[in-house]
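Analysis of the macromolecular model
So you can see what is in the structure, the chains are spelled out below.
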Amino acid sequence: MSMVGLRRVVEPAGVLPQAAWRLDASPEIGPDETRIRVRRLNLDAASYRQLAEKHANNGDAIRAEVLDIVRTRGKMHNPVTGSGGMLIGVVEEVGPESPLAVKPGDLVATLVSLTLTPLAITDGLAGWDGLSEQVPAEGTAILFGRSIVGVLPDDLPPELALAVYDVCGAPALTDRIVRKYPDNPTVAVLGGAGKSGSLTLAAARRAGARTVAVVVNEKERDALLKAGLADHVAIADARDPVAVAEAVGEPADVTVVCVDVPGCEHGAILATANGGTVIFFSMATSFPAAALGAEGLAADVTMLIGNGYVPGHAEFAVDLLRQVPAVRALFEARIAAD
């Protein structure tokens, strides 16, 4: 069980690293661990939005709180959203008993959440203005034997690869679910213009689905229409169940929630046909609200938690990015805006 990082749990005792309040982030590694020299963090969208709204987009205050969270908890684990993100860096040392297929000098992305990754920041995040999800950083991170890590592809800029890896579970799981449905199912994606949303639309279409995207404003609608990733694009507030259902129209066979705000559970359920599937990829999801909402609506839907891991998910997402230029264009525009 040392492979899951129990030796790093400081408090409370007896829990796994993700559930722990505080981890030991010291750089000395155990025999099954790997140390990464951090180059860049990618805060997950829900966590960054919460911090930005709390501090009214004051970059200095956002940076200070991120530093405080990491210093206090030994990991980047937002106590409000319960989410973190991921990172890229260079492999510095690999323990003799580590099963990870990496070696010192490899430029890698961690494919596990920062909420369970021991992390120490050594530069005070001096290179980050606090106004983007991607965070230039120096420090160390520790991976366990059962962690997941990917060597960054040579043909993609690190910032682009990091953005794709951050959401790579969404398109892979969508592909798996869509292929279980016969006769070209309809897939609705709430938040279709975002990172996970655009990849999910591309995956659903490649799997043979008709695609519907729900976005929040005309700018996102126009971007998706130009990209051609959805057969229908509608504007609606994902927190308004009736508006979402009307935007989707004929109930979808599969609805995927990729928005980063709370309160979107009921709209997703209402927009899904009986016998259909709702996949929640947003870390802002309230699972009690989803379960009780489905019960209250007498909705016969299967609800899945997108856990961020499907075998081969990183390769699947990168392949989509390479094969669908419109997806790459959306990602590059987002990175440039940040």
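Structure shown above.
Residues numbered from 1 in each chain as written. Predicted model: local features only at pLDDT ≥ 70, side-chain atom pairs only at ≥ 80, totals over all residues. Heavy atoms only, no water.

**Points about the nonpolar core**
- Of all hydrophobic cores here, the largest spans 53 residues; its most connected members are Leu224, Leu229 and Phe331.
- Leaving out residues up to four positions away in the same chain, Phe331 has contacts with Leu160, Ala163, Val164, Val167, Lys195, Ser198, Leu199 and Leu321.
- Residues Ile62, Val70, Val102 and Val149 belong to the second largest nonpolar core, which totals 28 residues. (Core = buried A, V, L, I, M, F, W, Y, C linked by side-chain atoms within 4.5 Å. Buried < 20%, exposed > 50% of the residue type's maximum accessible area, 1.4 Å probe, protein only. Contact = heavy atoms within 4.5 Å.)

**Details of the pairing of strand β9 (residues 186-190)**
- Summarising burial for β9: 5 of the 5 residues are buried, a large majority.
- A two-sided burial pattern is seen for β9, the buried positions comprising Thr186, Ala188 and Leu190 on one face and Val187 and Val189 on the other.
- The pairing of β9 with strand β10 (residues 210-215) spans 5 bridges and is parallel. Within the sheet, the bridge partner assigned to Val187 lies in β10 and is Thr211. (Helix = DSSP H or I, 4+ residues; strand = E, 2+ residues; numbered from the N terminus. Pairing = 2+ DSSP bridges.)

**Some points on helix α9 (residues 287-296)**
- Every buried residue belonging to α9 is among Ala290, Gly293 and Ala294, and all of these are buried. Taken down its axis, α9 places every buried residue within 100° of arc, on the same side. Looking at α9, the residues exposed on the side facing more than 90 degrees away from the buried face are Pro288, Leu292, Glu295 and Gly296.
- Elements in contact with the buried residues of α9: α8 (265-270), β13 (272-280) and β14 (302-305).
- The residue sitting at the N-terminus of α9 and contributing the capping side-chain oxygen is Ser286; that oxygen lies 3.2 Å from the backbone nitrogen of Ala289.
- Once α9 finishes, Ala298 follows within two positions and takes phi at roughly 50°, a positive value. (Arc of directions from axis to C-beta. Polar contact = N/O pair within 3.5 Å; in protein donor to acceptor, adjacent residues only side chain to side chain.)

**Comments concerning the sheet that holds strand β7 (residues 134-143)**
- Spatial strand order, β6-β7-β3-β4-β5-β8: 6 strands in an open sheet with antiparallel pairing. The open sheet has two free edges, formed respectively by β6 (119-121) and β8 (149-151), since each of these has just one partner strand. If you compare each strand with its neighbour and ignore which way they point, the axes differ by 35° on average.
- Where β6 lies against β7, 3 bridges are found, and the strand directions are antiparallel. In the sheet register, Ala120 faces β7, and the bridge partner there is Thr140. (Axes fitted to C-alpha atoms, helices over the stretch in contact; angles between N-to-C directions.)

**Re a nonpolar patch on the surface**
- A contiguous nonpolar surface patch, about 230 Å² in accessible area, is contributed by Val242, Leu270 and Leu297.
- Locating Val242 in the fold gives a position in helix α7 (residues 241-248). (Patch = residues over 30% accessible without salt bridge, like charges linked within 9 Å, V, L, I, M, F, W, Y side chains within 5 Å. Areas by Shrake-Rupley, 256 points an atom, 1.4 Å probe, with all protein chains shown as cover. Salt bridge = Lys/Arg side-chain N within 4 Å of Asp/Glu carboxyl O.)

**Regarding the sheet that holds strand β12 (residues 252-257)**
- Spatial ordering of the open sheet is given by β11-β10-β9-β12-β13-β14, a layout of 6 strands whose pairing is parallel. Single-partner strands in this sheet number two, and they are β11 (232-235) and β14. Mean inter-strand twist for the sheet, computed between neighbouring axes without regard to direction, equals 15°.
- Those strands touched by helix α6 (residues 218-227) are β10 and β11, and its axis lies near 175° from that of β11.

**Quick look at the packing of aromatic side chains**
- Summed over the entire model, instances satisfying the criterion amount to 1 aromatic pair.
- Centroid distance Phe280 to Phe287: 6.4 Å. Interplanar angle 85°. Geometry classified as edge-to-face.
- Its relative accessible area of 35% is what places Phe287 among the partly exposed residues.
- Above the face of the Trp21 ring, Arg73 is positioned so that its terminal group lies 3.8 Å from the ring centre.
- When the ring centre of Phe316 is taken as origin, the NZ or CZ atom of Arg206, which lies over that ring, is 5.2 Å away. (Phe/Tyr/Trp six-rings, centres within 6.5 Å; stacked < 30°, edge-to-face > 60°. Lys NZ or Arg CZ within 6 Å of the ring centre and 35° of its normal.)

**Overview of the packing of helix α3 (residues 158-165) against helix α10 (residues 313-323)**
- The interhelical angle for the contact between α3 and α10, taken along N-to-C directions, is 120°, at an axis separation of 9 Å. Here α3 is positioned oblique relative to α10, judged by the angle of their axes. Regarding α3 and α10, the two cross each other, and that crossing is right-handed. Between α3 and α10, the contacting residues are Leu160, Val164 and Tyr165 on the first element and Ala314, Ala317, Val318 and Leu321 on the second. (Parallel < 35°, antiparallel > 145°, perpendicular 65-115°, else oblique. Left-handed = near helix turned anticlockwise from the far one by under 90°.)

**A word on unusual backbone geometry**
- A cis amide bond, omega -10°, links Glu11 with the succeeding residue Pro12.
- Even without glycine at this site, Asp183 takes up a positive phi of about 60°.
- With respect to the helices and strands, Asp183 occurs in the loop between α4 (169-178) and β9.
- Residue class for Asp183 comes out exposed when judged on its relative accessible area of 70%.
- One non-glycine residue, Asn184, adopts positive backbone phi at about 50°.
- Tracing the sequence through the fold places Asn184 in the loop between α4 and β9.
- Classification of Asn184 by relative accessible area gives exposed; the value is 57%.

**Observations regarding the layout of surface pockets**
- Put simply, the second largest pocket is a space of about 210 Å³.
- In terms of lining, the second largest pocket is formed by 14 residues, of which the most central are Leu111, Val149, Gly150, Ala314 and Glu315.
- Listed by contribution, the elements that provide at least two residues to the lining of the second largest pocket are β8 and α10.
- Examining the composition of the lining of the second largest pocket, we find that 5 residues originate from one element, α10, more than from any other.
- Looking at the lining of the second largest pocket residue by residue, the classes come out as 9 nonpolar, 3 polar and 2 charged. (1 Å grid on protein atoms, 1.4 Å probe; cavity = no way out; pocket = protein on both sides within 12 Å on 5 of 7 lines; lining within 4 Å. Points joined across faces, edges and corners; volume = space filled by probe spheres on them. Nonpolar A, V, L, I, M, F, W, Y, C, P; charged D, E, K, R; others polar.)

Such coordinate-based values are descriptive only and should not be taken to indicate function.
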